[in-house]
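Examining the three-dimensional arrangement
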Amino acid sequence: MSIDITQQALNALADAGLGNDSPAEAYVIGYTQGHDDALALAIPARAVHKP
């Protein structure tokens, strides 16, 4: 499985719709979304590799 990090980042930016937010708001929104996406990826991965 190949993960295209650049494409994922661009997709996340497009989905976030941060055009009217301040840089601080955009940072927090982006950080939160990234955290949520990482958890969404880690939880199924953990279930697959559970000993």
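Because the structure is a prediction, the values reported are computed rather than measured. (Residues numbered from 1 in each chain as written. Predicted model: local features only at pLDDT ≥ 70, side-chain atom pairs only at ≥ 80, totals over all residues. Heavy atoms only, no water.)

Considerations on the overall build of the protein
- Secondary structure summary: the protein contains two helices and zero strands in total.
- For the protein, the proportion of its 51 residues judged to be buried stands at 4%.
- Accessible surface, the protein as shown: approximately 4,500 Å² in total, 62% of it carbon and sulfur. (Helix = DSSP H or I, 4+ residues; strand = E, 2+ residues; numbered from the N terminus. Buried < 20%, exposed > 50% of the residue type's maximum accessible area, 1.4 Å probe, protein only. Areas by Shrake-Rupley, 256 points an atom, 1.4 Å probe, with all protein chains shown as cover.)

Topic: the packing of aromatic side chains
- Taken as a whole and judged by the stated rule, the model has one aromatic pair.
- Between Tyr27 and Tyr31 the ring centres are 6.2 Å apart and the planes differ by 25°, which places this aromatic pair in the stacked class. Taken as a pair, Tyr27 and Tyr31 lie in helix 2 (residues 23–48) at a separation of four residues, close to a single helical turn. (Phe/Tyr/Trp six-rings, centres within 6.5 Å; stacked < 30°, edge-to-face > 60°.)

What to know about helix 1 (residues 5–16)
- Relative to the 16 Å expected for 12 residues at 1.5 Å per residue, helix 1 spans 16 Å between its end C-alpha atoms, a close match to the ideal helical length.
- Gly17 sits one or two residues past helix 1 and shows a positive phi near 60°. (Expected span 1.5 Å × (residues − 1).)

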